[in-house]
Amino acid sequence: MGDDTVKYLLPENRIPRAWYNVMADLPEPMAPVLHPGTGRPVGPDDLAPLFPMACIAQEMATEREIEIPEPVREIYKQWRPSPLYRARRLEKALDTPARIYYKYEGVSPSGSHKPNTAVAQAFYNKEEGVKRLTTETGAGQWGSSLAFAGHIFGLEVDVYMVKVSYVQKPYRRALMETYGARCVPSPSTETAAGRAILEADPDSNGALGIAISEAVEMAAQRDDTRYSLGSVLNHVLLHQTVTGLEALEQMDMAGDQPDVVIGCAGGGSNFAGLASPFVGRKIAGQMSPRIVAVEPAACPTLTRGRFAYDFGDTAHLTPLVKMHTLGASFMPPGFHAGGLRYHGMGPIVSHLLHLGLIEAVSHHQLGCFEAGVLFARAEGIVPAPESTHAVKETVDEALRCKAEGRSRAILFNLSGHGHFDMQAYTDFFDGRLQDRDYDQTALDRSLAALPDVAAAE
Ligand SMILES: *Cc1c(COP(=O)(O)O)cnc(C)c1O
């Protein structure tokens, strides 16, 4: 490959045939998921009202490679393998000796990495005779991805969308409706969980944890309906590893290896998707990159939260999982990266941090947007507000390389484009964005309310 190569493309037949399950290689097993009533580890039957059996099996799988079904690979072919770019113009703009690479997931139909799992989940549900999927969405990336995938497999899709986003992001809602989904502002009067929230606070803006409660409640009520989650869970992170597996091959094509791997982390799926195959190589002693998850300072789950058992939702309908959490009742202050506002973090990502195999940092949104604009002007792609967190850490790392006079290879996941989030950029240019820290008192209150199993540890 010449010095000017900026794009590494794999042919269609190089879409991986299996996802990589990092749980198979962990030096210490993960804590079991617990039933909230009995406090005992859950079995497949406990989860069957919510998820298809194939996903439940993947949630607990111990084999290293899990085959990607052929119909899923067929749909992946529309945009996969996704390109890996060398950011030569960004390097020049930063005047850095660093070699910057990014895996671009914004080429999917809905503009982010999320269809990688939405298509797989819709496929397994269809296979098992499910007719309808319920889900939640914050900024709308996940809702639109599941709406797209659900329609391909002839499934009805009901999306509970956090009310503040429903109002602020009419185009994401329009996209979901274009794909044929029903989009309901949450909290809604359709569920007991929603009605309880509205009774306490008729003006509630909603939160991801509330919307999850609504979607779970609706799925649990009907035999032909299952629930679908766009991040956090092991099977979701598994499906995303298609990006990291492709990136391994593309870095080979580039004749390079990353010294640093970076991803933004909301629930952890795009980060773990890119990073897990590199974590696997690290555990096997084949390479030793630093692997960095980047989160917003306003919702600092990994850097300030507790590694403890918690519920996934506000109404405490989900099983208990051990993860980094700010507490299920935590309400992050307003900021623009809607996809990074969840109170918890994927148990796999939390466990990898606990084992010291990855690191975590947080950044404020103004610095992230500044980096996002710099990136857009250099590379032409406008990053999603979530992805700007990975861009910010990449820029900082490239500047550290410059200060040290050392070249390192940096690989980051550009998890999506920001075309539906241009209001955030407008607000940034107009000086309307502020850096907000989480409120320590509210966080202490939220952590004090963690379920008892946490106290027992
Ligand atoms: C949803 C979303 C995220 C955050 O979710 P993860 O599961 O942490 O990846 C990040 N980037 C984009 C573009 C998203 O849509």
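Report on the accompanying structure.

What counts as what
- Residues numbered from 1 in each chain as written.
- Predicted model: local features only at pLDDT ≥ 70, side-chain atom pairs only at ≥ 80, totals over all residues.
- Heavy atoms only, no water.
- Helix = DSSP H or I, 4+ residues; strand = E, 2+ residues; numbered from the N terminus.
- Rg over C-alpha atoms; globule rule 2.2 N^0.38 Å.
- Buried < 20%, exposed > 50% of the residue type's maximum accessible area, 1.4 Å probe, protein only.
- Contact = heavy atoms within 4.5 Å.
- Areas by Shrake-Rupley, 256 points an atom, 1.4 Å probe, with all protein chains shown as cover.
- Expected span 1.5 Å × (residues − 1).
- 1 Å grid on protein atoms, 1.4 Å probe; cavity = no way out; pocket = protein on both sides within 12 Å on 5 of 7 lines; lining within 4 Å.
- Points joined across faces, edges and corners; volume = space filled by probe spheres on them.
- Nonpolar A, V, L, I, M, F, W, Y, C, P; charged D, E, K, R; others polar.
- Near = heavy atom within 4 Å.
- Polar contact = N/O pair within 3.5 Å; in protein donor to acceptor, adjacent residues only side chain to side chain.
- Sits in = over half its atoms within 2 Å of the grid points.
- Axes fitted to C-alpha atoms, helices over the stretch in contact; angles between N-to-C directions.
- Parallel < 35°, antiparallel > 145°, perpendicular 65-115°, else oblique.
- Left-handed = near helix turned anticlockwise from the far one by under 90°.
- Pairing = 2+ DSSP bridges.

This part is about the overall build of the protein. Each helix and strand counted, the protein has 19 helices and 15 strands in total. Radius of gyration (C-alpha) of the protein: 20 Å, near the 23 Å computed for a compact globule of 457 residues. Dimensions of the protein along its principal axes, counting C-alpha atoms only, are 60 × 50 × 45 Å. Counting over 457 residues, the protein shows a buried share of 63%. Within the protein, counting contacts between residues at least 6 apart in sequence, those at least 24 apart form 75% of the total. Of the roughly 17200 Å² of accessible surface on the protein, a fraction of 50% belongs to carbon and sulfur atoms.

Over its 13 residues, helix α5 (residues 115–127) runs 18 Å from end to end, which matches the ideal 18 Å to within 8%, given 1.5 Å per residue. Of all the 13 residues making up α5, 11 are buried; the element is thus mostly covered by neighbouring parts of the structure. Burial in α5 covers these residues: Pro-115, Asn-116, Thr-117, Ala-118, Val-119, Ala-120, Gln-121, Ala-122, Phe-123, Tyr-124 and Asn-125.

As a further point, take helix α15 (residues 365–379). The end-to-end C-alpha distance of α15, which contains 15 residues, comes to 20 Å, matching closely the 21 Å that a straight helix rising 1.5 Å per residue would cover. Across the 15 residues of α15, 11 count as buried, placing the element largely inside the fold. Listed in full, the buried residues belonging to α15 are Gln-365, Gly-367, Cys-368, Phe-369, Ala-371, Gly-372, Val-373, Phe-375, Ala-376, Ala-378 and Glu-379.

Each pocket or cavity is described by its volume, and for the largest pocket that value is around 790 Å³. Lining the largest pocket are 41 residues, with Val-164, Ser-165, Gln-168, Phe-335 and Arg-341 sitting closest to its centre. Of all elements in the fold, only α7 (163–168), α8 (170–178), α10 (208–221) and α17 (422–429) reach the threshold of two or more residues within the lining of the largest pocket. A total of four residues in the lining of the largest pocket trace back to one element, the largest contributor, which is α17. Among the residues forming the lining of the largest pocket, the class breakdown is 18 nonpolar, 16 polar and seven charged.

All right, on to the site of the ligand then. Taken together, 19 residues lie around the ligand, and Lys-114, Ser-231, Gly-266, Ser-269 and Ser-415 are the ones closest in. Ser-269 is positioned with one of its side-chain polar atoms (N or O) 2.7 Å from an oxygen atom of the ligand. Within the contact set of the ligand, a nitrogen atom lies 2.7 Å away from a side-chain nitrogen or oxygen of Ser-415. More than half of the atoms of the ligand fall within 2 Å of the grid points belonging to the largest cavity. Looking at the shell around the ligand residue by residue, the classes come out as four nonpolar, 13 polar and two charged.

Running from N to C, α5 and helix α6 (residues 141–152) cross one another at 40°; their axes reach a closest spacing of 8 Å. Here α5 lies oblique to α6, going by the angle between them. Handedness of the α5/α6 crossing: right-handed. Here Pro-115, Thr-117, Ala-118, Val-119, Gln-121 and Ala-122 of α5 come into contact with α6, specifically with Trp-142, Ser-145, Leu-146, Phe-148, Ala-149 and Gly-150. Its residues assigned to classes, the contact of α5 with α6 comprises eight nonpolar, four polar and no charged.

Before going further, it helps to spend a moment on the sheet that holds strand β14 (residues 359–363). In spatial order, the strands read β1-β4-β5-β15-β10-β11-β14; together these seven strands make up an open sheet with mixed pairing. Looking at which strands have only one partner, the edges of the open sheet turn out to be β1 (7–8) and β14. Note that strand β5 (residues 99–104) and strand β15 (residues 409–414) share six bridges and pair parallel. Bridged to Lys-103 within β15 is Asn-413.

Moving on, we get to the sheet that holds strand β6 (residues 132–137). What the four strands build is an open sheet, ordered β8-β7-β6-β9; its pairing is parallel. Edge positions in the open sheet fall to β8 (182–186) and β9 (225–227), since each of these has one partner strand only. The mean inter-strand angle of the sheet, taken between neighbouring strand axes irrespective of direction, is 25°. Two strands pair when backbone bridges link them, and β6 and β9 are joined in this way by three bridges, in the parallel orientation.

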